[in-house]
Amino acid sequence: MEQLKTRLTEPNLSTEQKLLVLIGLPVLYVVGLTVYRLYFHPLARFPGPKLAAATKWYEFYHDIIKGQGGQYFVRVSEMHDKYGPIVRVNPDEIHIRDPSFLDTLYATNPTKRDKYPPSAEMAGLTYGTHGTVDHDMHRRRRMANSRMFSKRAVASAQELIHGHIKELTEAFERKVGSPEPVEMQTTFLAYTTDVIYHYMFNKDVGFQKDWNKAQSWRHSMEAVAQATPFCKQFPWLNGKLLMLPEWILKVIVAKLQPDIAGLLATHKLMGRIAAEYVAHRSTDKGKRESEEDEKNIKPLTIFHSIDRSALPNEEKTALRLMQEGLTVLFAGGETGSRLLAHTIYHLLDNPEILEKVRKEILEAAGDSKELPDVKVLESLPWLAASVRESLRLRATTTSRLPLVSKKELIYKDWVIPAGTPVSMSHPDILHNDEIYPEALKFKPERWFNATEQQNKMFIPFGKGTRMCIGVDFAYIELYMSLSTLITRFDLELYDTTWERDVAYTRDCFLGEASRDSPGIRVKVLADNKRWVSD
Ligand code: HEM
């Protein structure tokens, strides 16, 4: 009986046979999967390199191993040069390089588009709007945030922004005449993060007051950028990491990657702020705050905005609030700071345009000691055109942005099966020479007589239902700070080159310059003491 039992549970295989099974089964699986993907997969007929169709490791190699990383966008571009406007860029995804498809893929409501789950999960914030997969759920969550982003609410932020611009000018003032340059990306990241934090959470996080804190935040953001190609391949990783208790994160992660540890600490901090908010909702303090909030044009915090929305209670938990909080913090900080640094770079690199912009602002101010109102600034032609041109050239989001349609999509003669992730890339449109002649040149004057197509294809903030919700906020924050800095200070670029420090060479969701770039830097030659009221 015993012998029979052993025979049934342990087949009598020799070591060689066991080894053969151990190696053979995975090999068989890989071969089977490859054959399926190449010949039987619904996307098998679509053009593109066989290797990309067979395995995601192809993308992994280009994004993680090759050069400085984040190189798959270069390969995708080469694929289009070879195979045409529609290409299968990995086993599951179709990429289209044709501006005429923009309206179809990034359609507005009521057309439904889900986010491709691996792309939504990348930042580990699937409870935030940006990480929401389902079209309808995304719409409801976005609506709950919308009171924070209404034109009136955003306009009311001017005073708050003024306060932080004062701190920003102090950072420049400290460097007047100094041989030491201002490293603009860190300086501006501290500014935009202070602003967004203050606006969204009614708290002064004080990055501008503490250079070490600002630098460590910048390093965290850089670490996130470096990790992004990796997270694109293993999107579940971030979410899993964040589930770990804080003490484990501190011990393990700080040893492996100290810069990421700073970021994870921010996750935990936001978790505490959200939990505190939820805990005092029903207390006297919470009720007073709620009454105060009712009277405001802008909700006191983004949490109040969500709380007063029509979302059900399970959408108002501490975890959800925390993730939405982090979403707006990340979405608003890095983007705005980069744009500010890039716009100043372009203006200093084109002194004749800088002079026109300055003159316009000063003429608009007349005898006033105050910077013109943001409405006036936005109407100044050279300033507005320079900002627009910088947004176009910067093409902030370099990553493919895949969406999924529940119905099949038609592109020319191609029928893309329902449920297929289909993506396009902003730089393919914003840097398209046929739409914008000499597309890689900074030419603000192109916007004075812009064609209908040029205006339509101006999509630095995206398009459709997933488009940036912070556009108005980004413009106000930028117009006010840019106008102040370029009229108050005489600046000069310091050891900054287009190739090394400005142009993006890596796709880390946002485009990144070369790893050896010390950043865009300027020397402060003089302080004209404009707009100094006290
Ligand atoms: C120059 C500045 C900015 C640029 C170029 C920019 C660009 C974008 C783009 C392209 C998207 C869509 C990304 C995607 O489809 O995956 C997006 C989404 C988003 N942005 Fe911005 N953004 C900027 C500033 C801001 C600011 C200042 C805020 C907050 C105040 C903000 C908040 C958001 C949010 C919350 C989303 C997610 C929207 C959603 O999924 O419904 N952005 N942004």
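Note: the structure precedes this text.
A few points on the structure. Remember, it's a predicted structure, so these values are computed and weren't measured experimentally.

**Some details on the overall build of the protein chain**
For step 1, the next point in the chain: Counting its secondary structure elements, the protein chain contains 25 helices and twelve strands.
For step 2, the next point in the chain: Rg of the C-alpha trace for the protein chain: 26 Å, near the compact-globule value of 24 Å for 534 residues, within the 12% margin.
For step 3, the next point in the chain: Overall, the C-alpha framework of the protein chain stretches about 100 × 60 × 50 Å when taken along its three principal axes.
For step 4, the next point in the chain: In the protein chain, which comprises 534 residues, the share counted as buried stands at 52%.
For step 5, the next point in the chain: Residue pairs at least 24 apart in sequence account for 73% of intrachain contacts in the protein chain once pairs closer than 6 positions are excluded.
For step 6, the next point in the chain: For the protein chain, the accessible surface area stands at approximately 25600 Å², while carbon and sulfur atoms represent 57% of it.
For step 7, the next point in the chain: Separation between the mean location of the 71 positive side-chain charges and that of the 69 negative ones in the protein chain comes to 5 Å.

**Quick word on a nonpolar patch on the surface**
For step 1, the next point in the chain: Taken together, the side chains of Leu19, Leu22, Ile23, Val27, Val31, Val35, Tyr36, Tyr39 and Phe40 present a nonpolar region at the surface, about 940 Å² in accessible area.
For step 2, the next point in the chain: With respect to the helices and strands, Val31 occurs in helix 2 (residues 15-40).
For step 3, the next point in the chain: Relative accessible area serves as the criterion here: at 47%, Val31 is assigned to the partly exposed category.

**A word on the pairing of strand 12 (residues 521-527)**
For step 1, the next point in the chain: Bridge count for strand 4 (residues 182-183) against strand 12 is two bridges, and the pairing is antiparallel. Bridging across to strand 12, Val182 finds its partner in Val522.
For step 2, the next point in the chain: As judged from the five bridges shared by strand 9 (residues 489-493) and strand 12, these two strands associate in the antiparallel manner. Residue pairing for strand 12: Leu493 is matched across the bridge by Val522.

What counts as what
Residues numbered from 1 in each chain as written. Predicted model: local features only at pLDDT ≥ 70, side-chain atom pairs only at ≥ 80, totals over all residues. Heavy atoms only, no water. Helix = DSSP H or I, 4+ residues; strand = E, 2+ residues; numbered from the N terminus. Rg over C-alpha atoms; globule rule 2.2 N^0.38 Å. Buried < 20%, exposed > 50% of the residue type's maximum accessible area, 1.4 Å probe, protein only. Contact = heavy atoms within 4.5 Å. Areas by Shrake-Rupley, 256 points an atom, 1.4 Å probe, with all protein chains shown as cover. Lys, Arg positive; Asp, Glu negative; His and termini not counted. Charge placed at Lys NZ, Arg CZ, Asp CG, Glu CD. Patch = residues over 30% accessible without salt bridge, like charges linked within 9 Å, V, L, I, M, F, W, Y side chains within 5 Å. Salt bridge = Lys/Arg side-chain N within 4 Å of Asp/Glu carboxyl O. Pairing = 2+ DSSP bridges.

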